[in-house]
Structures are given as C-alpha cells and as structure tokens.
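Inside the fold
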Amino acid sequence: MKAAKRSGLAAAIGLALIAPAVAGPALERIKQSGKIIIAHRESSVPFSYVLPDKKPVGYAVDLCLKVAEAVRKKLDMKAITPEFMLVTPANRIQTIADGKADMECGSTTNNAERREKVAFAVPHYIAGARYLVRADSLLGGSGPDGR
C-alpha cells in the first residue's frame, strides 16, 4: 500500500493537563491539606497508564508531578503529597470541574466545549491523523502522482 499524498482529513490533537482555575480555592485547599489530587487514566499509553502494581505512570503523569512540585514551591510548602485518582474518558472533565481532583493527566483534547468547564495548560503533545489508501482507490487521488 502507498500513502495518499492528501489525507482528505487531517486532525491536530492537542493533549494537555487540565485543571480548574488553579487560583484561589484550589490552591488554598492544597495548602491546607498538604496534598494535590492528580486524576489519571488507566490505559492511555504512553501518557497515563497503570502498571501491574497499580502505580500510575506515563509522560503526562511525569508532567503532573512536575506541576505538583511547582505548586509546592509557589505555596512555599516543605512537602506536598500527590494522591492519584483513577478517571475514565467519560468522567475526567466532570471530576476536575467538580473539584474532586486538582488536575488530570492523560490524553485529553483541548477543545472549545471543554474549555468552558476546565482550564488547559499549554499543549505538550500535538498529533495529526492520516489515512492510508491504495493509490488506485477512489480516495487515492485523481492525478498521476496521487494528488
């Protein structure tokens, strides 16, 4: 098979840490409790997933732990304890919006509808979608070079 020169549909996906407005009540709650609650996904490899020992790991989890450390410094705390909360694609946004977790670490697309409920950090991973089709298919293009 040969890749089509034009994908016909290309989508950029921004994956971001999400958190409610991290000022005010969230920071005060973190300072009072000494813990930061990090929502994570079970099988969003390589961003957020769970090892057999139930420990959450992944690229986004590592970033969340760095954010937790930055929050600790900002609040001038001696220590901060990260606590992990398992979420699903169906409940991750609402968990953050309801304040049950302070941030979510996984593969969550930043879009307008979600930005109405939660705040996103700067995207840390961008991907595009492409499709492969046979060059002689109806989707493969009309010109001799597949365009």
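If you're wondering where the values come from, they're calculated on a predicted model, not measured in any experiment.

**Focus on the overall build of the chain**
Scanning the chain from N- to C-terminus turns up four helices and 10 strands. Counted from the first residue to the last, the chain has its helices and strands arranged as β-β-α-β-β-β-β-α-β-α-β-α-β-β. Across the 147 residues that make up the chain, the buried fraction comes to 35%. For the chain, the share of sequence-separated contacts (at least 6 apart) that also reach a separation of at least 24 residues comes to 71%. Split by element, the accessible area of the chain, about 9,300 Å² in all, is 57% carbon and sulfur.

**A word on the side chain of Asp102**
Position of Asp102 relative to the elements: it lies in the loop between helix H3 (92-97) and strand S8 (103-105). Judged by its relative accessible area of 7%, Asp102 falls in the buried class. Here the side chain of Asp102 touches Arg29 through a polar contact of 2.4 Å, side chain to side chain.

**So, the sheet that holds strand S6 (residues 56-57)**
Here three strands make up an open sheet; going across it, the order is S4-S5-S6 and the pairing antiparallel. Bordering the open sheet on either side are strand S4 (43-44) and S6, each of which pairs with just one other strand. In this sheet, strand S5 (residues 48-50) lies alongside S4 in antiparallel orientation, the contact comprising two bridges. The partner of Ser43 across the bridge, within S5, is Tyr49.

**Description of the nonpolar core**
Membership of the largest hydrophobic core comes to 15 residues, with the highest contact counts inside it found for Ile30, Ile36, Val71, Leu75, Ile80, Met103 and Cys105. Elements with a minimum of two residues in this core: helix H1 (25-33), strand S3 (35-40), helix H2 (59-74) and S8. Of all the elements, H2 adds the most residues to this core, at five residues. Excluding its chain neighbours within four sequence positions, the residues that come into contact with Ile80 are Ile30, Gly34, Lys35, Ile36, Ala68, Val71 and Arg72.

Criteria and thresholds
- Residues numbered from 1 in each chain as written.
- Predicted model: local features only at pLDDT ≥ 70, side-chain atom pairs only at ≥ 80, totals over all residues.
- Heavy atoms only, no water.
- Helix = DSSP H or I, 4+ residues; strand = E, 2+ residues; numbered from the N terminus.
- Buried < 20%, exposed > 50% of the residue type's maximum accessible area, 1.4 Å probe, protein only.
- Contact = heavy atoms within 4.5 Å.
- Areas by Shrake-Rupley, 256 points an atom, 1.4 Å probe, with all protein chains shown as cover.
- Polar contact = N/O pair within 3.5 Å; in protein donor to acceptor, adjacent residues only side chain to side chain.
- Pairing = 2+ DSSP bridges.
- Core = buried A, V, L, I, M, F, W, Y, C linked by side-chain atoms within 4.5 Å.

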